[in-house]
Amino acid sequence: MPQKDSFAALRISNFRNFLIARFLSTFGWQMQSVVVAWQVYSITKDEFSLGLIGLAEAIPMIVVSLYAGHVVDKNDRKKILLITIASLFVCWILLFIISLDKIAFLADHRIFYIYFIIFISGIIRGFNGPAIFAFMGQLIPKEHYSNAISWSTSNWQLASVLGPAAGGFLFAYGGATGAYAAVAIITAVAVFLMSRVENIPLPPSTEEVSIFDSLSMGLKFVFAHKLILSAISLDLFAVLFGGAVALLPVFAEQILNTGPEGLGVLRAAPAVGAVIMGMITIKYSPVKNAGRNLITVVFGFGLCMIAFAFSRNFYLSVFILFLSGAFDQVSVVIRAMIVQLYTPDNMKGRVSAVENIFIGSSNEIGSFESGSAAKMIGLIPSVIFGGCMTLIVVVTTYFVSPQIRKLKIDKTEELKA
């Protein structure tokens, strides 16, 4: 469905400022993820240690998510964003201090402290994700949701292109210390820019429920809305079983014979594909035949994971990861559109928190699954297994969920929601 105005959402100044601030915070976080992965692997030389990074972040994110959704729906969402981004800034400063190796007890137990800081950052991200999703919905009218979501996801993916590449190069030429210093500076600028976004408060809520009922409302809403549940579940299992990103340091060193620079390129490749596909979805929205498109691209993502496992050529591997990112971008746009469109404004924090449990944490849990599987059955078989499981999930969804298979969203539905 062609957009009448590809820049409709960007013409809203509040949304523009929000995107820039989000870009910088994401850019810094993506840099940090590459630096932490390479630093941990260079110390341990153990694939399982990479999986533990994901687990250290996912567990706290899952634990706090429902409460975070409640907080986001009951409080100033902009203020929550400022607090969470500033807290991440503190985490990156601590990683910088640890990497200096100037304090004996920190240097002797670096791995433990790195995991602990990542654990804290997982708590912070548990609040940050729902706040971003819910606050964005306040900045734009519903008729521009599809366009805004395409811009937002492309913005995130662009940061994911530049962040890993920058992290890899900075680690190679400036070490972990220089890379963490850059991450901290970038995140500080993000805090400042987010403070410049004009706050648009929601109408006062008339909802009178206990905190327990409020915490459970997001879950009840998602499980009662089969369309949202199907879309989230499909992405959950695809990401859970189909993620090879956590193992890229091992592929870079053992299979593709490259160093931190090559790792940065490999990490950036999916995001490059996503950015290019994002530009296409800005002009041609994929939501008209949303169900068919969602099933197709997740199936394509699974095939990419299997092909990546068999590749022994660096450039072919980069291309395969590029395609996986393009497929993933379409699924992200469709899923976000479904959730934004069919969720009431005063519920978006809690529903996004549930989505965070399903999707956000599945990246980290998927990292743990990949690391564990690689340890048990070997590097290549673990990625092939994950890709095959993704294909099985897609085929199963196609037959058991006609709601998602037949879903179409036209402009009339978008305006009515």
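Bear in mind the structure is a predicted one, so any value in this text is a computation, not a measurement.

**Q** When you look at the overall build of the protein chain in this model, what are you seeing that I'm missing?
**A** Per the secondary structure count, the protein chain includes 16 helices and 0 strands. In the protein chain, which comprises 417 residues, the proportion classed as buried is 59%. Sequence-distant contacts in the protein chain: of pairs separated by 6 or more residues, those separated by 24 or more amount to 88%. Summing over all exposed atoms, the protein chain offers an accessible surface of approximately 16,500 Å²; the carbon and sulfur share of this is 69%.

**Q** I keep staring at the pattern of salt bridges and nothing clicks. Help me out?
**A** Any two side chains of opposite charge can pair, on the condition that their charged atoms come close. Under the defined criterion, the tally for this structure stands at 3 salt bridges. Linking Arg77 and Asp73 is a salt bridge whose minimum nitrogen-to-oxygen distance equals 2.7 Å. When its relative accessible area of 4% is taken as the criterion, Arg77 is described as buried. You can call Asp73 buried: its relative accessible area is 11%. A salt bridge links Asp73 to Arg350, with the shortest nitrogen-to-oxygen separation between them at 2.7 Å. Taken together, the residues span a long stretch of sequence, with Asp73 in helix α2 (residues 47–74) and Arg350 in helix α13 (residues 348–377) at a distance of 277 residues. One exposure class covers both Asp73 and Arg350, and it is buried.

**Q** I'm lost on the environment of Leu227 in this one. Help?
**A** Within the secondary structure layout, Leu227 lies in helix α8 (residues 226–242). Taking the C-alpha atoms as reference, Leu227 lies 9.1 Å from Val339; in sequence the two are 112 residues apart. Setting aside anything within four residues of it in sequence, one finds Leu227 in contact with Ile338, Tyr342, Gln403, Ile404 and Leu407.

**Q** Mind showing me how you'd approach the packing of helix α1 (residues 13–44) against helix α3 (residues 77–99) here?
**A** Angle between the axes and distance between the axes are the two parameters that describe a pair of packed helices. Across the interface, α1 lies against α3 with an axial gap of 12 Å and an inter-helix angle of 30°. By the angle class used here, α1 and α3 are roughly parallel. Considering how the two elements wind past one another, α1 and α3 form a crossing that is left-handed. Where α1 abuts α3, its residues Phe18, Ser25, Trp29, Gln32, Val36 and Gln39 lie against Leu81, Ile85, Trp92, Leu95 and Ser99. Of the residues belonging to the contact of α1 with α3, the class tally is 7 nonpolar, 4 polar and no charged.

**Q** Explain unusual backbone geometry to me, please; I cannot follow it from the model alone.
**A** Among all residues save glycine, negative phi is the norm, and among peptide bonds the norm is trans. One non-glycine residue, Asn257, lies in the positive phi region at around 55°. Here Asn257 lies in the loop between α9 (248–255) and α10 (260–283). Owing to a relative accessible area of 65%, Asn257 belongs among the exposed residues under this scheme.

**Q** Which parts of the structure should I look at to understand the packing of aromatic side chains?
**A** What characterises a pair of aromatic rings is the spacing of the ring centres plus the angle enclosed by the ring planes. Enumeration over the complete set of coordinates arrives at 10 aromatic pairs. With centroids separated by 5.7 Å and ring planes inclined at 35°, the aromatic side chains of Phe7 and Trp151 adopt a geometry described as tilted. Residue Phe7 is located in the segment before α1, and its partner Trp151 is located in helix α6 (residues 145–195); the two are separated by 144 residues in the primary sequence. When its relative accessible area of 43% is taken as the criterion, Phe7 is described as partly exposed. Note on Trp151: relative accessible area 14%, which makes it buried. Measuring from ring centre to ring centre gives 6.3 Å for Tyr67 and Phe127, while their planes differ by 85°; the resulting arrangement is edge-to-face. In this pair, Tyr67 sits in helix α2 while Phe127 sits in helix α5 (residues 110–139), placing the two residues 60 residues apart along the sequence.

**Q** Honestly, the environment of Cys304 in this entry has me stumped. Any pointers?
**A** For Cys304, the location among the structural elements is in helix α11 (residues 290–310). When the C-alpha atoms of Cys304 and Gly325 are compared, they prove to be 9.5 Å apart, with 21 residues separating the residues in sequence. When neighbours within four sequence positions are excluded, Cys304 is seen to be in contact with Ile320, Leu323, Ser324 and Phe327.

**Q** Sorry if this is basic, but what is going on with the nonpolar core here?
**A** Core analysis: the biggest nonpolar cluster contains 120 residues, and Phe15, Phe18 and Ile338 have the highest contact counts within it. Filtering out sequence-adjacent residues up to four positions away, Phe15 remains in contact with Ala9, Leu10, Met136, Leu139, Ile140, Ala148 and Trp151.

**Q** Help me understand the confidence of the model for the protein chain in this model?
**A** Parts of the model with low pLDDT should not have their predicted coordinates read in detail. Per-residue pLDDT for the protein chain averages 81, and the proportion of residues at 70 or more is 88%. Confidence, read as mean pLDDT per element, is least for helix α16 (residues 411–416) in the protein chain (43) and greatest for α3 (92). The low-confidence segment residues 411–417, where pLDDT is below 50, has 15 contacts with residues more than four positions distant or belonging to other chains.

**Q** Please explain the side chain of Gln329 as it appears in this structure.
**A** Topologically, Gln329 is positioned in helix α12 (residues 314–342). One polar contact links Gln329 to Thr153, side chain to side chain, over a distance of 2.7 Å. Beyond its immediate sequence surroundings of up to four residues, Gln329 is in contact with Ser150, Thr153, Ser154, Gln157, Ala274, Met277, Gly278 and Thr281.

**Q** I would appreciate a short explanation of α1 in the present structure.
**A** Two residues of an α-helix separated by three or four positions point the same way, owing to the 3.6 residues in each turn. In this model α1 runs 47 Å from its N-terminal to its C-terminal C-alpha over 32 residues, within 8% of the 46 Å that 1.5 Å per residue would give. Of all 32 residues making up α1, 25 are buried, and the element is well covered by its neighbours.

**Q** Just checking my understanding: could you explain the packing of α1 against α5 for this structure?
**A** At a minimum axis separation of 12 Å, α1 and α5 run at an interaxial angle of 160°. If you check the angle between α1 and α5, you find them roughly antiparallel. For the pair α1 and α5, the crossing hand works out as left-handed. Taking contact as the criterion, the partners of Asn14, Phe15, Phe18, Arg22, Trp29, Gln32, Val36, Gln39, Val40, Ile43 and Thr44 in α1 are, on α5, Arg110, Ile111, Ile114, Tyr115, Ile118, Arg125, Ile132, Phe135, Met136 and Leu139. Here the residues of the contact of α1 with α5 are counted per class, giving 14 nonpolar, 4 polar and 3 charged.

Rules used in this analysis
- Residues numbered from 1 in each chain as written.
- Predicted model: local features only at pLDDT ≥ 70, side-chain atom pairs only at ≥ 80, totals over all residues.
- Heavy atoms only, no water.
- Helix = DSSP H or I, 4+ residues; strand = E, 2+ residues; numbered from the N terminus.
- Buried < 20%, exposed > 50% of the residue type's maximum accessible area, 1.4 Å probe, protein only.
- Contact = heavy atoms within 4.5 Å.
- Areas by Shrake-Rupley, 256 points an atom, 1.4 Å probe, with all protein chains shown as cover.
- Salt bridge = Lys/Arg side-chain N within 4 Å of Asp/Glu carboxyl O.
- Axes fitted to C-alpha atoms, helices over the stretch in contact; angles between N-to-C directions.
- Parallel < 35°, antiparallel > 145°, perpendicular 65-115°, else oblique.
- Left-handed = near helix turned anticlockwise from the far one by under 90°.
- Nonpolar A, V, L, I, M, F, W, Y, C, P; charged D, E, K, R; others polar.
- Phe/Tyr/Trp six-rings, centres within 6.5 Å; stacked < 30°, edge-to-face > 60°.
- Core = buried A, V, L, I, M, F, W, Y, C linked by side-chain atoms within 4.5 Å.
- pLDDT = per-residue confidence, 0-100.
- Polar contact = N/O pair within 3.5 Å; in protein donor to acceptor, adjacent residues only side chain to side chain.
- Expected span 1.5 Å × (residues − 1).

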